[in-house]
Amino acid sequence: MTVFTIFGSTGDLMYNKLLPALNNLQKNNHLPGDTKILCVGRRDWDTSDYLAAVDEAVDSSKISEIRTMLEYVKVSLDEASGYDALKGKIESNGENTEKIFYLALPPSLFPKVAGGLSQNGLIKKGENTARIVFEKPFGEDLESAHEINRTLWNYFEEDQIYRIDHYLGKEMIQNILTLRFANRIFESDWNKDSIEKVSIIVKEKHGIDNRGNYYDSIGALRDMVQSHLLQMLALTAMEAPRAFNAQSIRKEKVSLLKKLSLEKGDVFNAQYQGYKAEPKVRKDSRTETFVALKVFIDDSRWRDVPFYMMTGKKMNEKSSEIIIDFKENDVTKNLWPDQKLTHNQLVVKVAPDEGVSFRMNVKETGLSNKIIPSRMDYSHGKDAFGNVPEAYEKLLLEIVKKNALLFTRWDEIETTWRFIDQVTNRCMKAPYIYESEDDLIKTLQERSEYNDS
Ligand SMILES: NC(=O)c1ccc[n+]([C@@H]2O[C@H](COP(=O)([O-])OP(=O)(O)OC[C@H]3O[C@@H](n4cnc5c(N)ncnc54)[C@H](OP(=O)(O)O)[C@@H]3O)[C@@H](O)[C@H]2O)c1
């Protein structure tokens, strides 16, 4: 028996991601045969009220396989007896039940609910049939992340804790290590001798929508760079792990993240025009909705290779990619001194398209000797006939299987927050106000530290 207990079951994450992901897993027979889904909320509802709300919020095709598996349980977080009903339902399944507690709640409630689950005996420290899942953001800075983590370690062992960064569940993020280490052609040139620069770019088309309350106290650096972009950077630049398992891969990621450095002037923060007029945003807000950083990695593989990270809202399009620009080589220059050749470029496309594109030089068709750039494209979804799993599907399945590879260990969180705190405290200025992506690009190109990016 496996029981998912999901707190925050009336929220956006549950309706839009978790329920559809569980539905697909069930449809493809990936969930254990006797799985139950307990949907926890604070509202005075029963299961039929909950199902009515689900039917309203979620397309029926996205819950048809699991609708009968859903059961609503009211938990009053502030009352001593608040967990009694939940405890009764879980314990009625017997001692060997696999218990997964998922906190799709505002992060401020993490310590309270973690404590409630522990004090009510729903999860025991070290109990190998029980695990607890936390959503990002894990803290707002190093100190708050430490505080949350100290509380969690009171109640749980590290291997019971699954910290989600849903980017790690994306197909092409999982594919970075395969691309690098399963292909000799890339790994042997994956260093400062062959690579000119690396750019990690995550663009969002929309603004902050109705999330002013959360976003205005966080900003792009802490919302996106601390988690998604630094994870992308770590996987792109880390050394080969000893084995393809959670422990070895996380060890190499942490070791890489500890070697990051940046100069005070190598951060550019900006805010889209009209941001201060968004609901629940301070009228004098300096929160960045765009940030660009140039960082270096202090080791023999990467010394002097710039890694650019950029992310922002109100861009021309939604996209997420890693671009590896290779150096020109001297042989080519000698052979074709009169031609202006483009350098090789590898693009890992993470979203919305998924795949890899490699730019190389070829001779133009015909009688001339002109050399022109051409691209080799790999589309990740092309043979999957629409069955590429969503990130949450993969992550939920890995939790069921107790495989922590796609989740962030505490020392990763600690190292990334230490770096982000340094950027926040030393490098952020009054934000540049941008009208559009084109305006930002022009402004960045005028700054010497970004003019080759
Ligand atoms: N939505 C996403 O795509 C997404 C992506 C990445 C990470 N996350 C993270 O996932 C978590 C949930 O996000 P969300 O978008 O689902 O938020 P949401 O739509 O605001 O839902 C929050 C949930 O928490 C419950 N809740 C709020 N305050 C509570 C309280 N004091 N006591 C008990 N329950 C309370 C809400 O219950 P009521 O309905 O009764 O208010 C609701 O079920 C957050 O940590 C967020 O950062 C979300």
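Residues numbered from 1 in each chain as written. Predicted model: local features only at pLDDT ≥ 70, side-chain atom pairs only at ≥ 80, totals over all residues. Heavy atoms only, no water.

J.: Please explain the packing of helix α10 (residues 246–257) against helix α13 (residues 410–427) as it appears in this structure.
T.: How two helices sit against one another is set out by the angle between their axes and by the gap between those axes. Where α10 meets α13, the axes come as close as 9 Å, and the angle between the chain directions of the two elements is 15°. Overall, the two elements α10 and α13 adopt an arrangement that is roughly parallel. Crossing of α10 against α13: the hand is left-handed. Between α10 and α13, the contacting residues are Arg250, Lys253, Val254 and Leu257 on the first element and Asp411, Glu412, Thr415 and Thr416 on the second. By residue class, the composition of the contact of α10 with α13 is 2 nonpolar, 2 polar and 4 charged. (Axes fitted to C-alpha atoms, helices over the stretch in contact; angles between N-to-C directions. Helix = DSSP H or I, 4+ residues; strand = E, 2+ residues; numbered from the N terminus. Parallel < 35°, antiparallel > 145°, perpendicular 65-115°, else oblique. Left-handed = near helix turned anticlockwise from the far one by under 90°. Contact = heavy atoms within 4.5 Å. Nonpolar A, V, L, I, M, F, W, Y, C, P; charged D, E, K, R; others polar.)

J.: I tried to follow the packing of aromatic side chains on my own but got confused; where do I start?
T.: Two descriptors summarise a pair of aromatic rings, namely the distance from one centre to the other and the angle between the planes of the rings. The tally for this structure, following the rule as stated, stands at 19 aromatic pairs. Each ring, one from phenylalanine 268 and one from phenylalanine 290, has its centre 6.3 Å from the other, and the planes form 70°; the classification is edge-to-face. In this pair, phenylalanine 268 sits in strand β9 (residues 267–272) while phenylalanine 290 sits in strand β10 (residues 290–297), placing the two residues 22 residues apart along the sequence. Residues phenylalanine 268 and phenylalanine 290 agree in their burial class; the two are buried. An aromatic cluster of three or more residues is present, and its members are Phe110, Phe134, Phe138, Trp153 and Trp410. When the ring centre of phenylalanine 138 is taken as reference, the NZ or CZ atom of arginine 163 above it lies at 5.1 Å. (Phe/Tyr/Trp six-rings, centres within 6.5 Å; stacked < 30°, edge-to-face > 60°. Buried < 20%, exposed > 50% of the residue type's maximum accessible area, 1.4 Å probe, protein only. Lys NZ or Arg CZ within 6 Å of the ring centre and 35° of its normal.)

J.: Would you mind showing me how to read the site of the ligand here?
T.: In the vicinity of the ligand there are 18 residues, among which Thr10, Asp12, Arg42, Arg43 and Leu105 approach most closely. One nitrogen or oxygen atom from the main chain of glycine 11 is found 3.3 Å from an oxygen atom belonging to the ligand. Taking arginine 42, its side chain carries an N or O atom lying 2.8 Å from an oxygen atom of the ligand. For the ligand, whose accessible area on its own is 890 Å², the fraction buried by protein is 70%. Among the residues making up the shell around the ligand, the classes are represented as 9 nonpolar, 4 polar and 5 charged. (Near = heavy atom within 4 Å. Polar contact = N/O pair within 3.5 Å; in protein donor to acceptor, adjacent residues only side chain to side chain. Areas by Shrake-Rupley, 256 points an atom, 1.4 Å probe, with all protein chains shown as cover.)

J.: Is there a simple way to think about helix α9 (residues 219–237) in this case?
T.: Residues three or four positions apart in an α-helix share a direction because the helix packs 3.6 residues into each turn. Helix length check: α9, at 19 residues, gives a terminal C-alpha distance of 25 Å against a target of 27 Å (1.5 Å per residue), a fit within 8%. Residue valine 225 marks the point of greatest curvature in α9, where the axis turns by about 55°. A large share of α9 lies buried, amounting to 19 of its 19 residues. (Expected span 1.5 Å × (residues − 1). Bend = angle between axes of the 7 residues up to and from the residue.)

J.: So what exactly am I meant to see when it comes to the sheet that holds strand β6 (residues 161–163) here?
T.: Spatial strand order, β3-β2-β1-β4-β5-β6: 6 strands in an open sheet with parallel pairing. This sheet does not close on itself; its edge strands, each paired only once, are β3 (70–74) and β6. Each strand of the sheet is rotated relative to its neighbour by a mean of 20°, with strand direction disregarded. Pairing geometry for strand β1 (residues 2–7) and strand β4 (residues 98–103), over 6 bridges, is parallel. Bridge pairing links phenylalanine 4 to isoleucine 100 in β4. (Pairing = 2+ DSSP bridges.)

J.: For this particular structure, what's the right way to read the pattern of salt bridges?
T.: Opposite charge on two side chains permits pairing when their charged atoms draw close. For the coordinates displayed, the defined rule picks out 28 salt bridges. For arginine 301, the salt bridge identified is with glutamate 239, shortest N-O distance 2.8 Å. Of the two residues, arginine 301 is situated in the loop between β10 and β11 (307–312) and glutamate 239 in the loop between α9 and α10; the sequence distance between them amounts to 62 residues. By relative accessible area, arginine 301 is classed as buried at 13%. For the salt bridge of lysine 394 with glutamate 398, the shortest nitrogen-to-oxygen distance reads 3.7 Å. With a gap of 4 residues between them, lysine 394 and glutamate 398 both fall in helix α12 (residues 391–400), about one helical turn apart. Overall, lysine 394 belongs to the partly exposed group, its relative accessible area being 25%. A cluster of three or more residues bridged by salt bridges with shared partners is formed by Arg180, Glu187, Glu239 and Arg301. (Salt bridge = Lys/Arg side-chain N within 4 Å of Asp/Glu carboxyl O.)

Interpretation note: all reported values are geometric properties and have no functional meaning in isolation.
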